[in-house]
Amino acid sequence: MQAHLLFMSVEMQYGFRQEYSVKKWSQEKKKQSAMQDQYDNPVSGKSPEVSGDRRQFLTRVGWGSLAGFLAINSYAFLRFFFPRVLFEPPSQFKVGFPNDYPPGVVNSQYQREFGTWIIRLQDGRFFAMESKCTHLGCTPSWLESQKKFKCPCHGSGYYITGLNFEGPAPRPMDRFKISIAEDGQLLVDKTIKFPGIPGRESNEVYPQSLLKS
């Protein structure tokens, strides 16, 4: 009788352990399967809300990139039909009345906009001179105390008439045509140019560049 009870006790313990082992193995298997799924597809572990937000964000980025691409190409297409226009100062412009200029004065009022000096000599004659050094195209400055133009780049020097006398400048500065308009103002025409000749005084070479008031 005791042997029978002992056998039943051993059998029950063995069955319980076997059932426990099966349950534990099943749990471990499920855990490994879940970890493998998360490794193979990391997004699957995220909530549907997070996944939907990411999908919406990527959709917006895609449409935004497409819109930017189309906008750039449309702009380039329109620029083909509307080329860029460069606005330059007029080639003819008025510079006031003769009485506005005292003799022996270099007027730099129109230097920046039109690249021109208006000069009246002591004898009352006018001429318009391009404010450009004949060496490398820099803009000289008028030094009233020294009565000369001086280029700040390489030291070229010019008399009030534009004749070069020092520095590397190869010739006198150029002049433009100046005349009296119908309203009595001085009119400069940059389409008519009197280029300086090396070693020659422009007053003598181009008497037509001078305007007698």
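*Asks:* Got a minute to help me understand the state of the cysteines in this structure?
*Replies:* Chemically, a disulfide is nothing more than a covalent bond linking the sulfur atoms of two cysteines. All chains considered together, the criterion is met by 1 disulfide. Note that Cys 138 is cross-linked by a disulfide to Cys 153, the S-S spacing being 2.2 Å. Negative torsions about the S-S bond denote left-handed disulfides, and the value of about -110° found for Cys 138 with Cys 153 makes this one left-handed. Here Cys 138, found in the loop between β4 (126-130) and β5 (141-143), pairs with Cys 153, found in the loop between β6 (148-150) and β7 (157-158); they are 15 residues apart in sequence, far enough to count as distant. Take Cys 133: it sits in no disulfide, and the sulfur closest to it among the cysteines is that of Cys 151, at 3.9 Å. The class for Cys 133 is buried, based on a relative accessible area of 3%. The class for Cys 151 is buried, based on a relative accessible area of 4%.

*Asks:* Would you mind showing me how to read the side chain of Ser 156 here?
*Replies:* Structurally, the position occupied by Ser 156 is in the loop between β6 and β7. Ser 156 has contacts with Cys 133, His 135, Phe 149, Lys 150, Cys 151, Glu 166, Gly 167, Pro 168 and Ala 169, leaving out every residue within four places of it along the chain.

*Asks:* Before we go on, may I ask you to explain the pattern of salt bridges in this structure?
*Replies:* Pairing between side chains becomes possible if they bear opposite charge and their charged atoms approach one another. All told, the structure shown has 9 salt bridges when counted by the stated rule. Here Asp 174 and Arg 171 are joined by a salt bridge, their closest N and O atoms 2.5 Å apart. With its nearest N and O atoms 3.6 Å apart, the salt bridge here joins Asp 174 to Lys 193. With Asp 174 in the loop between β8 (164-166) and β9 (175-180) and Lys 193 in strand β10 (residues 186-194), this residue pair connects regions lying 19 residues apart in the sequence. The class for Asp 174 is buried, based on a relative accessible area of 8%.

Criteria and thresholds
Per chain, residues are indexed from 1 in the order of the written sequence. pLDDT decides what is reported in this predicted model: residues at 70 or higher carry local features, side-chain atom pairs at 80 or more are listed and counted, and totals for whole chains, interfaces and linings draw on all residues regardless. Calculated side-chain values reflect all of the structure's heavy atoms, with hydrogen atoms and water omitted. Cysteine sulfur atoms that pair up within 2.5 Å are treated as a disulfide. Helix and strand assignments follow DSSP, with helices taken as H or I runs no shorter than four residues and strands as E runs no shorter than two, numbered in order from the N terminus. With a 1.4 Å probe rolled over the protein chains alone, any residue whose accessible area is under 20% of its type maximum counts as buried; one over 50% counts as exposed, and the rest are partly exposed. Contacts are assigned to residue pairs that have any heavy atoms within 4.5 Å of one another. Any carboxyl oxygen of Asp or Glu that lies within 4 Å of a side-chain nitrogen of Lys or Arg is treated as forming a salt bridge with it.

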